[in-house]
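# Close look at the chain arrangement
Each chain is listed here by its residues.
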Amino acid sequence: MDEKIREIQAGMAAYTGCDVDEFKRLFTGKNGAINALFAEFKSLPGPEKAKYGKVLNQLKQEGQAWQNSLAEAQKVNVKVDRPDDLTLPGEPHFQGSRHPLAIIQTRINSIFSKIGFAIAEGPEIEDDWHNFSALNIPEDHPARDMQDTFFLEDGKVLRTHTSNVQIRVMETQAPPIRILAPGKVFRNETVSARAHAFFHQVEGLYVNENVSFPDMVQDLDYFGKQMFGSQTKIRLRPSYFPFTEISAEIDVSCMICGGDGCNICKYTGWVEILGCGMVDPNVLENCGIDSNIYSGYAFGMGIERIAMLIYGVNDLRLFSQNDIRFLQQFESIHPF
Ligand code: PHE
């Protein structure tokens, strides 16, 4: 028995043909050598049976494995062996592509890096201080309801905005500070075409002596023109954020209709892109920065929102569904 098993093993290993049917006939098929051994096995005495049962099953698996790899090789060979018909249509070849959010993100980074902003990062699991309290949002303050929060069992939260990075940077760096903080944020929202529990923001922060509101307007006007085209105008609307005083929201003239009115801008000629304002002196002080010497501005924008405007995407969920038909449309777009 041992002898025969070794012979079959050696035979399979030495098989140099590429014909699966022949291999089956010789080894793994109904009339192959392995099955013949199983027939012999049936008439073995009891103790021998115990010994060879397992060995034979292993042999059978080995044979199956050889056969499978042979079949694989045969498939490949069929393709390679037929270069003769040059009129056959080519096979489609997916090139791979950047994710639209990555494209937009890279572009935002590069626009701000030209005016001196460095990239900063902060944690997605954040404590109450950095996500809320240090940002002038005390406990029980109604402003906490502005953003629906995922609370974790240890009292931490999934950050609801990238503004936590403002605090982390100001706590550890001395002005002048000029940072851009892209990242994921989380809100306890029902997922729909317009809202998602998980999306991306970019935070900007500039702190120095004599930073003024017009500095912010000028930098964001530059951003608007770089991002959406040189004809783009921005406008400011008064707004409220606990961590900025004064606060504003910025609209850009609609990049689709140029301000004439269309369904993207809901016939107003303007689309909202970000929130901003002068860093509240309380926030500077919370981070140990003297608000008598320093001032700053901050802004935050949603990356999905910008991507939707630029690419005309009308459903937020598309960004996280990984549908290849959606992603392939960005194949030829490269960030700049
Ligand atoms: N954190 C704010 C939001 O998520 C955006 C913002 C950032 C506003 C910085 C002002 C300054 O809505």
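In the block above lies the structure referred to throughout.
This section reports on the structure supplied with the text.

Cut-offs applied
- Residues numbered from 1 in each chain as written.
- Predicted model: local features only at pLDDT ≥ 70, side-chain atom pairs only at ≥ 80, totals over all residues.
- Heavy atoms only, no water.
- Near = heavy atom within 4 Å.
- Polar contact = N/O pair within 3.5 Å; in protein donor to acceptor, adjacent residues only side chain to side chain.
- Helix = DSSP H or I, 4+ residues; strand = E, 2+ residues; numbered from the N terminus.
- Phe/Tyr/Trp six-rings, centres within 6.5 Å; stacked < 30°, edge-to-face > 60°.
- Buried < 20%, exposed > 50% of the residue type's maximum accessible area, 1.4 Å probe, protein only.
- Lys NZ or Arg CZ within 6 Å of the ring centre and 35° of its normal.
- Salt bridge = Lys/Arg side-chain N within 4 Å of Asp/Glu carboxyl O.

### Overview of the site of the ligand
As a matter of local geometry, the ligand sits amid 15 residues, with His-161, Ser-163, Arg-187, Gln-201 and Glu-203 nearest to it. One of the side-chain N or O atoms of Ser-163 is found 3.0 Å from a nitrogen atom in the ligand. Elements with a minimum of two residues in the shell around the ligand: α7 (163-172), β5 (198-209), β8 (270-279) and β9 (294-302). A total of 3 residues in the shell around the ligand trace back to one element, the largest contributor, which is β9.

### Observations regarding the packing of aromatic side chains
Both the distance between ring centres and the angle between the ring planes are used here to describe each pair of aromatic rings. Here the structure, examined in full by the defined rule, presents 13 aromatic pairs. Ring centres 5.4 Å apart and planes at 70 degrees place the aromatic pair Tyr-15 and Phe-23 in the edge-to-face group. Judged on exposure class, the residue Tyr-15 and its partner Phe-23 are both buried. Relative to Phe-27, the ring of Phe-23 has its centre 5.0 Å away and its plane inclined at 50 degrees; by these criteria the two rings are tilted. Linking Phe-23 with Phe-27, this pair stays in helix α2 (residues 20-28), spanning 4 residues, or about one helical turn. Taking the relative accessible area as the measure of exposure, Phe-27 reaches 10% and is therefore buried. Positioned above the aromatic ring of Phe-38, the side-chain terminus of Lys-60 is 5.6 Å from the ring centre.

### A word on the side chain of Asp-251
Looking at the secondary structure, you find Asp-251 in strand β7 (residues 244-253). Of note is the side chain of Asp-251, whose polar atom sits 2.8 Å from the side chain of Arg-237.

### Describing the pattern of salt bridges
Summed over the entire model, instances satisfying the criterion amount to 11 salt bridges. Taking the shortest distance from any N to any O, the salt bridge between Glu-3 and Arg-6 comes out at 3.5 Å. One end of the pair is Glu-3 and the other is Arg-6, both in helix α1 (residues 2-13) and 3 residues apart, which spans about a single turn. When sorted by exposure, Glu-3 lands in the same class as Arg-6, which is exposed. The salt bridge involving Arg-168 is made with Glu-126; its shortest N-O contact spans 2.7 Å. With Arg-168 in helix α7 and Glu-126 in strand β2 (residues 125-126), this residue pair connects regions lying 42 residues apart in the sequence. Taking relative accessible area as the criterion, Arg-168 reaches 28% and is therefore assigned partly exposed. Judged by relative accessible area, which is 1%, Glu-126 ranks as buried. Each of Arg-235, Arg-237, Asp-251 and Glu-272 takes part in one network of salt bridges that share partners.

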